Amino acid sequence: MNATVKVWDPLVRVFHWSLAGLFLANFFTEDGELVHRGIGYAVLALLTVRFVWGWVGTRHARFVDWVPGPRRVRTYLRERLAGRSRRQLGHNPGAAVMILALLVGVLLVGVTGWLQTTDAFFGTPWLESLHEALAYGVLALVVVHVLAAVGESVHYGENLVASMIHGRKRALGQDDERDESLR
């Protein structure tokens, strides 16, 4: 039996699923209504907590652990396309770029939504259109994110969706023969 290690702390997991649920829920509420705005503010509050946790949180929650530079991303993508990428405990560089895109996208959706409640931008058509386009853009990124998580789960023989529920992943020293053949 393979040993597992705790990777995703409870705050990261609650943030992940709460953000996913709230973002999706807002697609089923009417723009401008109190419920839609309340969910939007809750999303912005979650992002604030996650940003702080990215500086002071546990090892794999900290930005310094998972935000890659361009060289690391290029190397990872080259290795992944060649089928030589290695399984990682935290986020791989490709996943990190996706997470950054999702966080920035959700933040922009939230800010454009909030701006529509201000006197300066209330009822501004271009801002409403931008808010909606950003929301659908983030939704498209979510679809890619889910497909990539499933693909990576199959590729590495590890259920990444489950690990975001219970917080555990297979220890790196416990790789199966499939992982060894990639090295």
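As a reminder, the structure under discussion sits directly above these lines.
(A) Quick look at the packing of aromatic side chains. In this structure the tally under the stated criterion is seven aromatic pairs. With 5.3 Å between their ring centres and 65° between their planes, Phe27 and Tyr136 make a pair best called edge-to-face. In this pair, Phe27 is assigned in the loop between helix 1 (10-26) and helix 2 (34-56) and Tyr136 in helix 6 (residues 125-156), connecting sequence segments 109 residues apart. The exposure class assigned to Tyr136 is partly exposed, which follows from its relative accessible area of 48%. Pairing Phe121 with Trp126 gives two aromatic rings, centres 6.2 Å apart and planes at 85°, and the pair type is edge-to-face. Exposure remark for Phe121: the relative accessible area of 28% places this residue in the partly exposed category. Feature note: the residues Phe51, Trp55, Phe63 and Trp66 constitute an aromatic cluster, connected by ring pairs.

(B) How the structure looks around a positive patch on the surface. On the surface, a cluster of positive charge is made up of Arg71, Arg74, Arg78 and Arg84. Position of Arg71 relative to the elements: it lies in helix 4 (residues 70-81).

(C) Here's a closer look at helix 1. Spanning 17 residues, helix 1 covers 24 Å between terminal C-alpha atoms, matching the ideal 24 Å at 1.5 Å per step. Among the residues making up helix 1, those that are buried are Val12, Arg13, Phe15, Leu19, Phe23 and Asn26. Those residues of helix 1 that are buried are in contact with strand 1 (4-6), helix 2, helix 5 (93-115), helix 6 and helix 7 (160-166). A side-chain oxygen of the first residue of helix 1 lies 2.9 Å from the backbone nitrogen of Leu11; this N-cap is Asp9.

About the criteria used
Residues numbered from 1 in each chain as written. Predicted model: local features only at pLDDT ≥ 70, side-chain atom pairs only at ≥ 80, totals over all residues. Heavy atoms only, no water. Phe/Tyr/Trp six-rings, centres within 6.5 Å; stacked < 30°, edge-to-face > 60°. Helix = DSSP H or I, 4+ residues; strand = E, 2+ residues; numbered from the N terminus. Buried < 20%, exposed > 50% of the residue type's maximum accessible area, 1.4 Å probe, protein only. Patch = residues over 30% accessible without salt bridge, like charges linked within 9 Å, V, L, I, M, F, W, Y side chains within 5 Å. Areas by Shrake-Rupley, 256 points an atom, 1.4 Å probe, with all protein chains shown as cover. Salt bridge = Lys/Arg side-chain N within 4 Å of Asp/Glu carboxyl O. Lys, Arg positive; Asp, Glu negative; His and termini not counted. Charge placed at Lys NZ, Arg CZ, Asp CG, Glu CD. Expected span 1.5 Å × (residues − 1). Contact = heavy atoms within 4.5 Å. Polar contact = N/O pair within 3.5 Å; in protein donor to acceptor, adjacent residues only side chain to side chain.

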